[in-house]
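# Remarks on the overall topology
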Protein chains: 4
Amino acid sequence: MTVEGKLRTAIVGSTGYGGVELIRLLQSHPKVEITSVISSSSAGDAIEEGFPHLTGIIDRRLDGVDPAQMAERADVVFTATPSGVSAKLVPQLLEAGLKVVDLSGDFRLKDGSEYEHWYKHPAPADEYLEQAVYGLCEVFGERAAGVDFISNPGCYPTATLLGLIPAIQAGWIKHDSIIIDAKSGVTGAGRGTSLMVHYAEINENLKTYKINKHQHIPEIEQTLTEIAGEKVTVTFTTHLVPMSRGIMSTMYAGMKGNYTDQDFVDLYREYYAGRPYVRVRDVGVIPATKEVSGSNYCDIGFATDARTGRVTIVSVIDNVVKGAAGQAIQNLNLMMGWEETLGLGYTPVYP
Amino acid sequence: MTVEGKLRTAIVGSTGYGGVELIRLLQSHPKVEITSVISSSSAGDAIEEGFPHLTGIIDRRLDGVDPAQMAERADVVFTATPSGVSAKLVPQLLEAGLKVVDLSGDFRLKDGSEYEHWYKHPAPADEYLEQAVYGLCEVFGERAAGVDFISNPGCYPTATLLGLIPAIQAGWIKHDSIIIDAKSGVTGAGRGTSLMVHYAEINENLKTYKINKHQHIPEIEQTLTEIAGEKVTVTFTTHLVPMSRGIMSTMYAGMKGNYTDQDFVDLYREYYAGRPYVRVRDVGVIPATKEVSGSNYCDIGFATDARTGRVTIVSVIDNVVKGAAGQAIQNLNLMMGWEETLGLGYTPVYP
Amino acid sequence: MTVEGKLRTAIVGSTGYGGVELIRLLQSHPKVEITSVISSSSAGDAIEEGFPHLTGIIDRRLDGVDPAQMAERADVVFTATPSGVSAKLVPQLLEAGLKVVDLSGDFRLKDGSEYEHWYKHPAPADEYLEQAVYGLCEVFGERAAGVDFISNPGCYPTATLLGLIPAIQAGWIKHDSIIIDAKSGVTGAGRGTSLMVHYAEINENLKTYKINKHQHIPEIEQTLTEIAGEKVTVTFTTHLVPMSRGIMSTMYAGMKGNYTDQDFVDLYREYYAGRPYVRVRDVGVIPATKEVSGSNYCDIGFATDARTGRVTIVSVIDNVVKGAAGQAIQNLNLMMGWEETLGLGYTPVYP
Amino acid sequence: MTVEGKLRTAIVGSTGYGGVELIRLLQSHPKVEITSVISSSSAGDAIEEGFPHLTGIIDRRLDGVDPAQMAERADVVFTATPSGVSAKLVPQLLEAGLKVVDLSGDFRLKDGSEYEHWYKHPAPADEYLEQAVYGLCEVFGERAAGVDFISNPGCYPTATLLGLIPAIQAGWIKHDSIIIDAKSGVTGAGRGTSLMVHYAEINENLKTYKINKHQHIPEIEQTLTEIAGEKVTVTFTTHLVPMSRGIMSTMYAGMKGNYTDQDFVDLYREYYAGRPYVRVRDVGVIPATKEVSGSNYCDIGFATDARTGRVTIVSVIDNVVKGAAGQAIQNLNLMMGWEETLGLGYTPVYP
């Protein structure tokens, strides 16, 4: 803690979209002070060179990646680093006595053997996989209290799991019937340059990618399996939508009974009672992505269909906030025993 | 026929997006002459007042809706009119001896009792429902030869049916397992003004609408049922994507066997052999909407999944061309016994 | 004041983009409580029916337009009403003893005879035109202290005047040489429906409107004339850009001397010293609209050109914040003698 | 000529946006056959790997850059290559006896000394600069007849020069008063990847670039100077607009007399009489970029202002068509003595 009594915080990956959103949100967190913004690629630069919108807001040069220095300057580190980088860096930070919220996928899977298949690189040591608490706040929030290391959920898994878990826990849907048609804005692909994210290739275009091969599949299945008490396998498709922010997960499942829209609304409102960042919409109201943009909300709506015996569940988040930086801060709040909403009281920006 | 030996054509609904696309495409059709552009709301105006891009291309004032006048001036009429309007107008045109290609939904369903439920207005007389040939060119093209009246398929049904029919006919997928997650650009909603299509409400936003209630559901089920030989019921969701043109239909079905991507590619290439406007993509290649933009193509790709026993089929069209004006002209070509591709040789506009 | 010691605030026009942005921003203002959200067209509705993003944030039904009721419930009223409506409503509110910040154009021009020409409706009574303080905060901020009635500047004039005034006051540019090429996102046109703002008409399109006829011209000229001490007439063009938020004003003027970029940066930094919401960029750095999105900043950059003897000045704002709701709150802060930045500490949302 | 009597054509740079547009347009040219598509970076690949929209349309592998091979296979070569590459390649092609239409900027400036300053690389040999005919079709079309080598104008110069030349030639505007505020869609930046063209950096953003430094400035000034008969210097600003295609040039100039909108319309219609691809709009009608999208049109509108004595001229083109591939084909037609419109009869794609 600094003299002001604020928690000293470092952000690794401050030149990516997740990192810069952490800066935006933490700027107004009443108990946190940013003491280091870190980038391996741009160390030494003023942050406003890469992000001119921060001109005059955070006058700070980017530090390099140096765990010893972080241990001196910070109490907690957010690692918004690419998969593979966190796997190596996070253990060093933990050894140095730092608290860590990791935004990569490197510590989300409990079974290390899954990494080679889905992430194409080796898993971190098992002890770290075990230590990492999977920080899906509205489901596992109580596990976060007092721990030193949170693995922050992926963007697609956040929208998807919050949309499916109450129904699975209630035993209302058939485990082998789950189909997830997910759509994301382009920030989900990161700030790296490639033809895939060239404006003229995305604009006025809708495309799929990684059908049945996305690395978020095992993360979703791992948690659904835990909730269901039996192995759950899902069909999962991802689409790239011509917009910057937002994820919509449109989910289909066969129902085990004749449930109505009202039944689902009631079930979910009970499950999420007291959790301010999940908004279960009224019967007949399906959320759109812009209705949560810039905020930490996950909004959920339902359409049951007696003709087919299926329910369609629609869940939306801002992928950069609830799907990354916002949930990471929510996790920090839970780790520290603070109010869950601290520094996250953003009304969605509309339009 | 006029002295030049061209077919005289009238377009009703020339101030909508479907009508104006008919004008664009018919301008370069070698056997057709546009002799009347018709609008009930803007009769008397120069067409370039509402559509300045046509300045100097088609110097013509909009005519009113007058079947007798159409019978004098035209041999064939395209009715790009709202649902409910065609139901009344088309019988008059047919009685006047005109050939008709109707782009509304008013004559697509064979069972008149479905109209009240899905379209919220009464059905046309049964004799016209019977007379109307459902013009899904690559499936029912031979039925169009020589007839006087074509009911042009809807945009969603075109993409969806072309993506599902070969698999259903082959008996490869389970009829009760079909889920269709469809996405459309905003032109699909027409040129009428409403808050729903306000730029600031659509831009940087993704929303659903009419889940399980879209009027294209009975059209899809009617044709799938005919092909399957038993009643087929589908789950069908529609999304509005921030783009002007394009439909993607992402379809999920349980497979009855262990089919591979290659099996599907082979099956579909055989089914669509000789049909130039369906492009079955290579194994592993999934089409994006921009790859057919401005053209009459329907592109299809596959992702089978041994883990879940399901296939994901992705079908894309330009909703204004293959989903409306282009297929209507393709139907005209088939009616007249002309080459199917006449006036439709457009390379997609990319990017 | 209510028991909590907060200023009670009413917002008229809560179903427009300006009104809903006032709600977003005032939600986090530490000294303000929203006690009434008002709409003439939707009185009685829950606000979340028209703006679902506010679900669970502001649980309040819309009130009708009733000055007596406002006087009971509020201390200050923001009128985010169309031009012509404010002209009638504001005098009633002032007579009822309310403080008013008016976001319409109805009280910005001091010469009432201008209204018929530019606004096509009669001017309000002269006494109100005289009473209204033109609230361009960084220029006339000291005039706002303690007054009851602020006329909030227009979006284009805010960006334009902040970009031109220091150079004019310094006598560096020729008064008869000023050309303003302004560009706006679509929210500037309001939430009303029309073909002009139909998504498919705006998307992938760039158009001009009201060249030399925009009602913001006399507002700009009035203030430039006051600063210059002689009549200033400008050329002013407005463009509609396919984006929701943001204004860029690209301004051209002949220089009276051989000034450099550095000279301009120094001059403007001195002029705006101590004003946190104008960011004068470094030499060679020109701001883009997204760099102020969602925030109250106005960013300014310069390109002098020795070849032509002209300077190009680029000024950007978020039209809904600094061009409307944000500056209105900044004006409230100045009226009340509060810190200028209260409730406005938003970091731009990027990307 | 091949047996079919068609002109054999090679396209160098077939993996860029200009090259692929040449393919789209030449596909329907009645007197041209594409015999080689060439790319230095992707030689050996099927063209549909990089451009899936061409699947089934042009079944051809990309050739490498080999002048001898081109001379065997083709009669004319379009070089849609980056600046600096054409400078080296084109002389070899001309020596090999090929006709060339060069789409780069390497042969547009007659004064070789300008290249180092504006293009940052050396000029080609003077003999080629002299040989190159600057192919601004509607102004210098007669110079193209029968020549072997055309330097195709830049996108900004095409829109700008067509908008200014008639007024300059008539002596209606002051030569030292010309200010050009130009805006372009993102295809103008090419298909190369960079942070500047990342979707999330362009979307919902408007930015300037290269103010007073753009390499199209000397090209514009060279031609205006020729027309004016005295040195003309312009102020020129470029903006990047969140759209794929389209350029708008908004031009300002002081008038030498009291000309009206009607005067300008009449003057320009007379100047462009018989030139089908310039559409001078009616009085009071200003063109928007989408109104020429996908077509070879340049549309022009005017707003004179008696208050300021200035005229605002707005000129729009599709930068990929009239600003690149379309005008290149128009030049080919003129070189060959063919009808100017051959293969270019595209109606704009709207919306």
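Residues numbered from 1 in each chain as written. Chains lettered and ligands numbered in written order. Predicted model: local features only at pLDDT ≥ 70, side-chain atom pairs only at ≥ 80, totals over all residues. Heavy atoms only, no water.

### Remarks on the UniProt feature "active site" (unreviewed entry) in chain A
Residue and element names in this part refer to chain A. Inclusion rule: UniProt positions are given in the numbering used here, feature names are shortened, and annotations may be inferred rather than shown by experiment. In this description a helix means any DSSP run of H or I spanning at least four residues, a strand means any run of E spanning at least two, and both kinds are numbered starting from the N terminus. The classification of residues rests on relative accessible area computed with a 1.4 Å probe and restricted to protein chains. Under 20% of the type maximum is buried, over 50% is exposed, and intermediate values are partly exposed. Note on definitions: a residue-residue contact is assigned when non-hydrogen atoms from the two residues lie within 4.5 Å.
Under the UniProt annotation, "active site" (unreviewed entry) lies at Cys 155. Among the secondary structure elements, Cys 155 is positioned in helix α8 (residues 155-169). Residue class for Cys 155 comes out buried when judged on its relative accessible area of 14%. Discounting residues that sit within four places of it in the chain, Cys 155 has contacts with His 216, Ile 247, Ile 317, Asn 319 and Gly 323.

### Brief notes about the interface of chain D and chain B
The condition is simple: Note on terms: buried area is the combined drop in 1.4 Å-probe accessible area of two parts once they are placed together, counting the loss on both. Distance and chemistry together define a polar contact, namely a pair of N or O atoms within 3.5 Å, with one atom able to donate a hydrogen and the other to accept it when in protein, and with adjacent residues in sequence counting only for side-chain atoms on both sides. Here the term charged refers only to Asp, Glu, Lys and Arg, the term nonpolar to Ala, Val, Leu, Ile, Met, Phe, Trp, Tyr, Cys and Pro, and the term polar to all other amino acids, Gly among them.
With 29 residues of chain D in contact, the opposing surface of chain B contributes 29 residues. Contact between chain D and chain B buries roughly 2,500 Å² in total, counting both sides, with carbon and sulfur atoms accounting for 60%. Our count for the contact surface shared by chain D and chain B stands at eight residue pairs in polar contact (both at pLDDT 80 or more). The dominant element in the side of chain D that touches chain B, judged by the number of residues it contributes, is helix α1 (residues 17-26) of chain D, at four residues. Here the side of chain D that touches chain B is built from residues that sort into 11 nonpolar, seven polar and 11 charged.

### Section: the interface of chain A and chain B
Defined as follows: One side-chain nitrogen of Lys or Arg within 4 Å of one carboxyl oxygen of Asp or Glu is enough to make a salt bridge.
Each partner contributes to the interface: chain A provides 47 residues, whereas chain B provides 47 residues. When the two sides are added together, the surface that chain A and chain B hide from each other amounts to roughly 3,800 Å², 53% of it contributed by carbon and sulfur. The largest share of the area that chain A buries against chain B comes from A:Glu204, A:Leu206 and A:Arg307, three residues that together contribute 18% of it. Across the chain A-chain B interface, the total number found is four salt bridges. One can count 32 residue pairs in polar contact (both at pLDDT 80 or more) joining chain A with chain B. When contributions to the side of chain A that touches chain B are tallied by element, the ones reaching two or more residues are β7 (179-184), α9 (199-202), β8 (207-209), α10 (216-228), β9 (235-240), β10 (247-254), β12 (298-305) and β13 (310-317) of chain A. In terms of residue count, the dominant contributor to the side of chain A that touches chain B is β7(A) (four residues). Grouping the constituent residues of the side of chain A that touches chain B by class yields 20 nonpolar, 15 polar and 12 charged.

### What about the domain arrangement of chain A?
All names here are of chain A. What counts is decided by this rule: By convention here, the domain bounds are inherited from an automatic or database domain assignment.
On domain assignment, one finds that chain A holds domain 1 (7-131) and domain 2 (156-319). Carbon and sulfur atoms supply 54% of the area buried between domain 1 and domain 2, which totals about 1,100 Å² over both sides. One can count two salt bridges joining domain 1 with domain 2. Only α1 (17-26) and α5 (114-119) provide two or more residues apiece to the side of domain 1 that touches domain 2. Here the side of domain 1 that touches domain 2 is built from residues that sort into five nonpolar, two polar and six charged.

### Comments concerning the nonpolar core
Keep this limit in mind: Side-chain atoms within 4.5 Å link the members of a nonpolar core, which is a set of buried Ala, Val, Leu, Ile, Met, Phe, Trp, Tyr and Cys residues.
Among the nonpolar cores identified, the biggest contains 138 residues, and A:Ile178, A:Leu224, A:Tyr268, D:Ile178, D:Leu224 and D:Tyr268 are the most heavily contacted of them. Setting aside residues up to four positions removed in sequence, D:Tyr268 forms contacts with D:Leu162, D:Gly163, D:Leu164, D:Pro166, D:Ala167, D:Val280, D:Ile300, D:Phe302 and D:Ile313. Formed by 100 residues, the second largest nonpolar core is a distinct cluster that contains C:Leu25, C:Phe51, D:Leu206 and D:Ile211.

### Structural notes on the UniProt feature "domain: Semialdehyde dehydrogenase NAD-binding" (unreviewed entry) in chain A
Under the local residue numbering, the UniProt record ascribes the feature "domain: Semialdehyde dehydrogenase NAD-binding" (unreviewed entry) to residues 8-147 of chain A. Split by type, residues 8-147 of chain A is 37% helix and 16% strand. Its first and last C-alpha atoms lie 17 Å apart.

### Structural notes on the sheet that holds strand β8 (residues 207-209) of chain C
Residues and elements named next belong to chain C. Our working rule: In this analysis, strands are considered paired if DSSP registers two or more bridges between them. The axes used here are C-alpha line fits, helices contributing only the stretch in contact, and every angle between their N-to-C directions lies in the interval 0 to 180 degrees.
Across the sheet, seven strands lie side by side as β8-β9-β7-β10-β13-β12-β11; this open sheet has mixed pairing. The sheet terminates laterally at β8 and β11 (278-280), the two strands that pair on one side only. Averaged over neighbouring strand pairs, the angle between their axes works out to 25° when direction is ignored. With eight bridges joining them, strand β12 (residues 298-305) and strand β13 (residues 310-317) adopt antiparallel strand pairing. Counted as the bridge partner of Ile 300 is Ser 315 from β13.

### Considering the pairing of strand β3 (residues 76-79) of chain A
Every regular strand shows the same layout, with side chains that alternate between the two sheet faces. All names here are of chain A. For clarity, the cut-off: Seen with its strands pointing away from the viewer, a crossover is right-handed if its path from the first strand over the helix to the second goes clockwise.
Residue alternation in β3 divides its side chains into two sets, Val 76 and Phe 78 and Val 77 and Thr 79, and both sets are buried. The pairing of strand β1 (residues 7-12) with β3 spans four bridges and is parallel. Across the sheet, the residue bridging to Ala 10 is Val 77, located in β3. Direction of pairing for β3 relative to strand β4 (residues 99-102): parallel, over a ladder of four bridges. In the strand pairing of β4, Val 76 is matched with Lys 99. Tracing the backbone out of β3, into helix α4 (residues 85-95) and back to the parallel element β4 gives a crossover that is right-handed.

### Points about the side chain of B:Asn203
One can find B:Asn203 in the loop between α9 (199-202) and β8 (207-209). Among the polar contacts made by the side chain of B:Asn203, one reaches the side chain of C:Ser244 at a distance of 2.9 Å. At a separation of 3.0 Å, a polar atom in the side chain of B:Asn203 contacts the side chain of D:Glu204. Leave out the neighbours within four places in its chain, and B:Asn203 touches A:Lys290, B:Pro242, C:Tyr199, C:Met243, C:Ser244, D:Asn203 and D:Glu204.

### Section: the sheet that holds strand β5 (residues 133-134) of chain C
Strand pairing in a sheet takes place through backbone hydrogen bonds and is either antiparallel or parallel in direction. A sheet is described by the order of its strands in space; here six strands give the open sequence β2-β1-β3-β4-β6-β5 (chain C), paired in parallel fashion. Where the open sheet ends on each side, the last strands, each with one partner, are β2 (32-38) and β5 of chain C.

### Structural notes on the packing of aromatic side chains
Quick reminder of the rule: Working definition: a ring pair exists when centres of Phe, Tyr or Trp rings (six-membered ring for Trp) sit within 6.5 Å. Plane angles under 30 degrees give stacked, over 60 give edge-to-face, the rest tilted.
Under the defined criterion, the tally for this structure stands at 58 aromatic pairs over all chains. Between the aromatic rings of C:Tyr277 and C:Tyr297, the centroid separation amounts to 5.6 Å while the plane-to-plane angle is 70°, which identifies the pairing as edge-to-face. Remark: C:Tyr297 occurs in the loop between β11 and β12 and C:Tyr277 occurs in the loop between α11 (261-271) and β11; sequence separation between them is 20 residues. By the burial criterion, C:Tyr277 is buried, and C:Tyr297 matches it. Note on D:Tyr268 and D:Phe302: the rings are 4.5 Å apart at their centroids and 65° apart in plane angle, and the pair reads as edge-to-face. Taken as a pair, D:Tyr268 in helix α11 (residues 261-271) and D:Phe302 in strand β12 (residues 298-305) lie far apart in primary sequence, 34 residues in all.

### Some points on the relation of the copies chain D and chain B
Here is the rule: C-alpha atoms of residues with pLDDT of at least 70 in both copies form the basis for the least-squares superposition of the copies.
Note on the identical chains: chain D maps onto chain B by a rotation of 180° and an axial translation of 0.0 Å, with an RMSD of 0.0 Å. Accordingly, the operation relating the two chain copies is best matched by a two-fold axis. Among all residues of chain D, the minimum C-alpha distance to the rotation axis is found for D:Glu204, at 4.1 Å. Taken together, the interface assignments show that 100% of the residues at the interface of chain D recur at the interface of chain B, consistent with an identical surface on both copies.

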